[in-house]
Amino acid sequence: VKTNIAKLGGVVDIASELGIGTKITITLPITLAIISVLLVEIAGRLFAMPLASVDEAILLDGSQIRTVDSREVMTVRGASLPICRLDRLFGLPPNRRPREYVVIAQVATRRLGFVVDELVGQRDIVIKALGPSLKGVRGFAGATELGDQRVALVLDVAALIEEVLSPGEARFLAWQPAAGRA
């Protein structure tokens, strides 16, 4: 436990008094926070979506998808919901699985469905801020190391909703690899 806390930049203090007991104090850096997330898989990579922004997750029904003003939307309980295919947004290989899921997220009054390949599960994680070289990358709130030595990027749902729902096609330029830009 002490080794893992030290990896996070934390400290473990132990104070013991004979006949009274032992007090263990764990101090973690202020840059760390524990949040509940929905782990999703996109093109074989794990991402974490904060549950505070997630309304629900549903199986994608392709018959409900249509295009309105050059955006994909789907009908959910009689209402139109814009959707975003995260594999396309992040420039990842397309899904080759027979089914996909839509994670419906909401920030304030704005709702968006994020299309993902797989729902992995819910988990409480420790989120660590991205380093200085990645601090300016939009759409990611941080990263977390999962117990099985895998790393997942934590999505900044509010920034993604703002980016995707902003008017015009220029919104996608921020997500294209440098070699793909004109």
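Calculation criteria
Residues numbered from 1 in each chain as written. Predicted model: local features only at pLDDT ≥ 70, side-chain atom pairs only at ≥ 80, totals over all residues. Heavy atoms only, no water. Buried < 20%, exposed > 50% of the residue type's maximum accessible area, 1.4 Å probe, protein only. Helix = DSSP H or I, 4+ residues; strand = E, 2+ residues; numbered from the N terminus. pLDDT = per-residue confidence, 0-100. Contact = heavy atoms within 4.5 Å. Pairing = 2+ DSSP bridges. Axes fitted to C-alpha atoms, helices over the stretch in contact; angles between N-to-C directions. Core = buried A, V, L, I, M, F, W, Y, C linked by side-chain atoms within 4.5 Å. Phe/Tyr/Trp six-rings, centres within 6.5 Å; stacked < 30°, edge-to-face > 60°.

A. Main features of helix H3 (residues 157–165). With seven of nine residues buried, H3 is to be regarded as a mostly interior element. Listed in full, the buried residues belonging to H3 are Val 157, Ala 159, Leu 160, Ile 161, Glu 163, Val 164 and Leu 165.

B. Local environment of the confidence of the model for the protein chain. Residues of the protein chain with pLDDT of at least 70 account for 90%, and the chain-wide mean is 85. Taken as a whole, residues 169–182 scores under 50 in pLDDT and shows 17 contacts with residues more than four places along the chain or in a different chain.

C. Focus on the sheet that holds strand S6 (residues 65–68). If you walk across this open sheet you meet the six strands as S5-S9-S10-S8-S7-S6, and the pairing is mixed. Edge positions in the sheet fall to strand S5 (54–59) and S6, since each of these pairs with one other strand and no more. In this sheet, adjacent strand axes meet at a mean angle of 35 degrees when their direction is disregarded. In this sheet, strand S9 (residues 101–107) lies alongside S5 in antiparallel orientation, the contact comprising five bridges. Counterpart to Ala 57 in the pairing with S9 is Val 103. Sheet strands touched by H3: strand S7 (71–76), strand S8 (79–85), S9 and strand S10 (110–116). Its angle to S10, the strand with the most contacts, is close to 95 degrees.

D. Structural view of the sheet that holds strand S11 (residues 118–127). Sheet architecture is open: five strands sit in the order S11-S3-S4-S13-S12, paired in mixed fashion. Looking at which strands have only one partner, the edges of the open sheet turn out to be S11 and strand S12 (140–145). Ignoring strand direction, the axes of neighbouring strands in this sheet form an average angle of 35 degrees. With five bridges connecting them, S12 and strand S13 (residues 151–155) associate as antiparallel partners. Counted as the bridge partner of Phe 140 is Leu 155 from S13.

E. Examining the nonpolar core more closely. With 26 residues, the main nonpolar core has Val 40, Phe 47, Met 49, Leu 86, Phe 90, Phe 114 and Leu 155 as its most contacted residues. When contributions to this core are tallied by element, the ones reaching two or more residues are strand S3 (33–42), strand S4 (45–50), helix H2 (86–89), S9, S10, S12 and H3. Here the element with the most residues in this core is H3; it accounts for five residues. Contacts of Phe 114, omitting those with residues within four sequence positions, involve Met 49, Cys 84, Leu 86, Tyr 101, Val 102, Val 103, Ala 105, Val 157, Leu 160 and Ile 161.

F. Fine view of the packing of aromatic side chains. This model, assessed by the stated rule, comprises three aromatic pairs. Each ring, one from Phe 47 and one from Phe 140, has its centre 6.5 Å from the other, and the planes form 25 degrees; the classification is stacked. Of the two residues, Phe 47 is situated in strand S4 and Phe 140 in strand S12; the sequence distance between them amounts to 93 residues. A single burial state applies to Phe 47 and to Phe 140, both of which are buried. Seen in terms of ring centroids, Phe 90 and Phe 140 are 5.3 Å apart; in terms of plane orientation they differ by 35 degrees. Their pairing is tilted. In this pair, Phe 90 sits in the loop between H2 and S9 while Phe 140 sits in strand S12, placing the two residues 50 residues apart along the sequence. For the pair shown, Phe 90 and Phe 140 are each scored as buried.

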